[in-house]
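# Notes for the structure review
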Amino acid sequence: MKTSKSKMIQTVIALLIMFVAGFIIPTWGPVTRMGVQYLCIMVGWIYLSIITGGLLSSVIALTACVIPGYYTAASIVSTTLGNSITLLMIFIFIMVYIFQKTKTGEFLVRWLLSRKVVNGRPYLFTAFFFIAIIVIGAVIGSFGIILLAIAILDALAEVTGMDKKNDWFRFLLLATVALSGTTEVFFPFKPYAALYMSIFDAQLNTIGAACDGNTWLITAAIMAVLSFVILMLLARFAFKFDLRRMKELDVSVLQTPEFKKMSKKQVIVLISVILTFFYPFILMLLPKESGVYLFLNNIGQNLFMGFVICLLCLIHVDGEPIAEIGDVFKNGTNWQIIFAVGSVIAIGGAMAADVCGVATWLLSIFQGVFGGMSIVTVVIIVCLLSCIITQFFSNSATAILFLTALAPLAVALYQEGVNVSVFPALIGTGTLTACLLPSGSGQSAIMLSTDIFADDGQQWALSKGIVVLVAVTLAIVASGIISILVL
């Protein structure tokens, strides 16, 4: 009862911030009345998201965005939910849902981990485990790969007789959570990546520029490689794992009868995912004057992905469709993120406008903070703050606040020739490293609630687990430095 009452009071406060505070709080410096209103809408939206969840708060935020007058009811719908990014995100959610539901991802992970070359080589198994986490996780996302990792580790504990609370099991699972950024936002068109880039785009669009997806992808790839290398060095030399039983394990036991051979459905789904996810890169390989290139380029990735989804719903294997159209649209789409992206586009677009003055104000702050610093120093500070702050607060809220504050500086840096597309990738990945406390992320909360982290699991995360966080943080910092200097 007390919790319900407290939640109601906080909800009312959040609504007052969104709808009333903007009319009361005085303006300051270059920030106009409209700017104050949109700042209050953003703060209230994030606060309400933490209390009630993203979908409800985002719909309310979109409604509030009409009040200051920058948008009309019609323009806010077309600007946020009616754009091509939103459509692509819906189709991506559906493709990932089909990939998971047909167990195509689990098949690939089990196949990789059950190779005979791994027998008697626990550190090679560890390497294969991380490769599977990064490669398959980049498609199915952090939550999907964490749940899959838990299932694999549970199976390993059962067949080896090893204690689930063994340091090695905890190391593998905590590293999987720390790599959430790499798995969740590896591709620039994945939902959270699109959400984070849209914040910078709101500012960059004012000068006719936008974030570069290729920069994002290269930065993410460097992060993945460096994370893998550093984590393997930790596993081999920093931790003293007792892996005697793993040396005796025949890893083929992970390839149960269900996962002995890829089904026709899984083959078709795997080909579909490769074609749709790597669509932009397939185009890069085709001659630009060829008819195939012109045809595919005119269709675009979003419509091509939608077409492939329709084919998967039409194709029958063993008398059943690969996917059910009603099921995939009902259960496959995360509307919470869809509407969150819409809210970011609306609020960010308004605050970027000259009539609000917010961009000018934020720019003056960060020019004062980072003025005189080299771009490498700025990158290091941004990476460290992203990885540290997110351990204590909601990762998405941390990313949105951080990106919103830095977005005006992106315009100035872009005009100086800096590839600012590196920053959303760094912040997006850094704020998804939360792995020490359950408050940092849903991924961390899932991890700490497992049998693997029972009893002294929280203490382990804050002692030995922090070494894993440092390793991933170093990989993010190093990838940021390399990307900002080379790209």
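Quick caveat, the model's predicted, so the values are computed rather than measured.

Another point: the overall build of the chain. Scanning the chain from N- to C-terminus turns up 24 helices and two strands. With the C-alpha coordinates aligned to their principal axes, the bounding extent of the chain is approximately 70 × 55 × 55 Å. Counting across all 487 residues of the chain, residues that qualify as buried make up 56%. Expressed as a percentage of contacts within the chain between residues at least 6 apart in sequence, the contacts between residues at least 24 apart total 79%. Just so you have it, the chain exposes about 20500 Å², and 67% of that area is on carbon and sulfur atoms. The chain carries 26 positive and 22 negative side-chain charges, and their two centres are separated by 5 Å.

Take the confidence of the model for the chain next. With 99% of its residues at a pLDDT of at least 70, the chain reaches an overall mean of 87. Mean pLDDT values over the elements of the chain span from 78, in helix 18 (residues 358–370), up to 94, in helix 24 (residues 465–486).

So, on to the nonpolar core. Residues Trp-168, Phe-171, Phe-200, Leu-231 and Phe-277 are the most contacted members of the largest nonpolar core, which totals 178 residues. Of the residues forming this core, the biggest block, 21 residues, is contributed by helix 7 (residues 122–160). Other than its neighbours up to four places away in sequence, Phe-171 contacts Phe-130, Leu-231, Leu-234, Ala-235, Phe-239, Phe-241, Trp-460 and Val-468.

Turning our attention to the layout of surface pockets. Of the voids in this model, the largest pocket is the one considered here, and its volume is about 1100 Å³. In this structure, the largest pocket is lined by 45 residues; those nearest its centre are Phe-143, Glu-184, Tyr-192, Asn-334 and Ile-337. Mapped by element, the contributors of at least two residues to the lining of the largest pocket are helix 2 (33–52), helix 5 (84–101), helix 6 (104–113), helix 7, helix 10 (191–204), helix 17 (335–352), helix 20 (395–415) and helix 22 (442–448). In terms of residues, the lining of the largest pocket owes the most to one element, helix 7, which gives seven residues. Split into classes, the residues belonging to the lining of the largest pocket amount to 21 nonpolar, 20 polar and four charged. Its boundaries defined by the atoms lining it, the second largest pocket holds a volume of some 550 Å³. In this structure, the second largest pocket is lined by 18 residues; those nearest its centre are Pro-188, Phe-189, Met-197, Gly-213 and Gln-301. When residues of the lining of the second largest pocket are traced back to their parent elements, those giving at least two are helix 5, helix 10, helix 11 (213–238), helix 14 (279–285) and helix 15 (291–314). Broken down by element, the residue count for the lining of the second largest pocket peaks at four residues, all from helix 10.

Moving on, we get to the environment of Phe-329. For Phe-329, the location among the structural elements is in helix 16 (residues 325–331). Put simply, Phe-329 and Leu-112 are 217 residues apart on the chain and 31 Å apart in space, counted from C-alpha to C-alpha. Apart from the residues lying within four places of it in its own chain, the contact partners of Phe-329 are Ile-90, Phe-91, Ile-94 and Trp-335.

The next thing to look at is the state of the cysteines. Evaluated as defined, the whole model comprises zero disulfides. Free cysteine Cys-356: the closest other cysteine sulfur is in Cys-65, separated by 10 Å. This cysteine, Cys-383, is not joined by any disulfide, and Cys-387 carries the nearest cysteine sulfur, 6.6 Å off.

The subject of this paragraph is the environment of Ile-338. Mapped onto the secondary structure, Ile-338 falls in helix 17. Along the backbone, Ile-338 and Val-477 are 139 residues apart, and their C-alpha atoms lie at a distance of 30 Å.

To continue, consider the environment of Thr-256. Of note, Thr-256 is situated in the loop between helix 12 (244–248) and helix 13 (264–277). According to the relative accessible area criterion, Thr-256 is partly exposed, its value standing at 28%. With 146 residues separating them along the chain, Thr-256 and Arg-110 place their C-alpha atoms 8.7 Å apart.

Our next topic: the side chain of Ser-479. Here Ser-479 shows up in helix 24. By relative accessible area, Ser-479 is classed as buried at 0%. Each residue touching Ser-479, except ones within four places of it in the same chain, is listed here: Thr-219, Ile-222, Met-223, Leu-226 and Leu-426.

A few words now on the packing of aromatic side chains. Counting across every chain of the model gives 18 aromatic pairs. With 5.9 Å between their ring centres and 80° between their planes, Phe-130 and Phe-171 make a pair best called edge-to-face. On the criterion of sequence distance, the pair formed by Phe-130 in helix 7 and Phe-171 in helix 8 (residues 167–178) is long-range, its members being 41 residues apart. When its relative accessible area of 0% is taken as the criterion, Phe-171 is described as buried. When the centroid spacing of 6.0 Å and the interplanar angle of 35° are considered together, the rings of Tyr-192 and Tyr-196 count as tilted. Of this pair, Tyr-192 and Tyr-196 are both found in helix 10, four residues apart, which corresponds to roughly one turn of the helix. Take Tyr-192 and Tyr-196: they sit in the same class, and that class is buried. A connected cluster of aromatic rings, assembled from ring pairs, spans Phe-129, Phe-130, Phe-171, Phe-239, Phe-241, Phe-453 and Trp-460.

About the criteria used
- Residues numbered from 1 in each chain as written.
- Predicted model: local features only at pLDDT ≥ 70, side-chain atom pairs only at ≥ 80, totals over all residues.
- Heavy atoms only, no water.
- Helix = DSSP H or I, 4+ residues; strand = E, 2+ residues; numbered from the N terminus.
- Buried < 20%, exposed > 50% of the residue type's maximum accessible area, 1.4 Å probe, protein only.
- Contact = heavy atoms within 4.5 Å.
- Areas by Shrake-Rupley, 256 points an atom, 1.4 Å probe, with all protein chains shown as cover.
- Lys, Arg positive; Asp, Glu negative; His and termini not counted.
- Charge placed at Lys NZ, Arg CZ, Asp CG, Glu CD.
- pLDDT = per-residue confidence, 0-100.
- Core = buried A, V, L, I, M, F, W, Y, C linked by side-chain atoms within 4.5 Å.
- 1 Å grid on protein atoms, 1.4 Å probe; cavity = no way out; pocket = protein on both sides within 12 Å on 5 of 7 lines; lining within 4 Å.
- Points joined across faces, edges and corners; volume = space filled by probe spheres on them.
- Nonpolar A, V, L, I, M, F, W, Y, C, P; charged D, E, K, R; others polar.
- Disulfide = S-S within 2.5 Å.
- Phe/Tyr/Trp six-rings, centres within 6.5 Å; stacked < 30°, edge-to-face > 60°.

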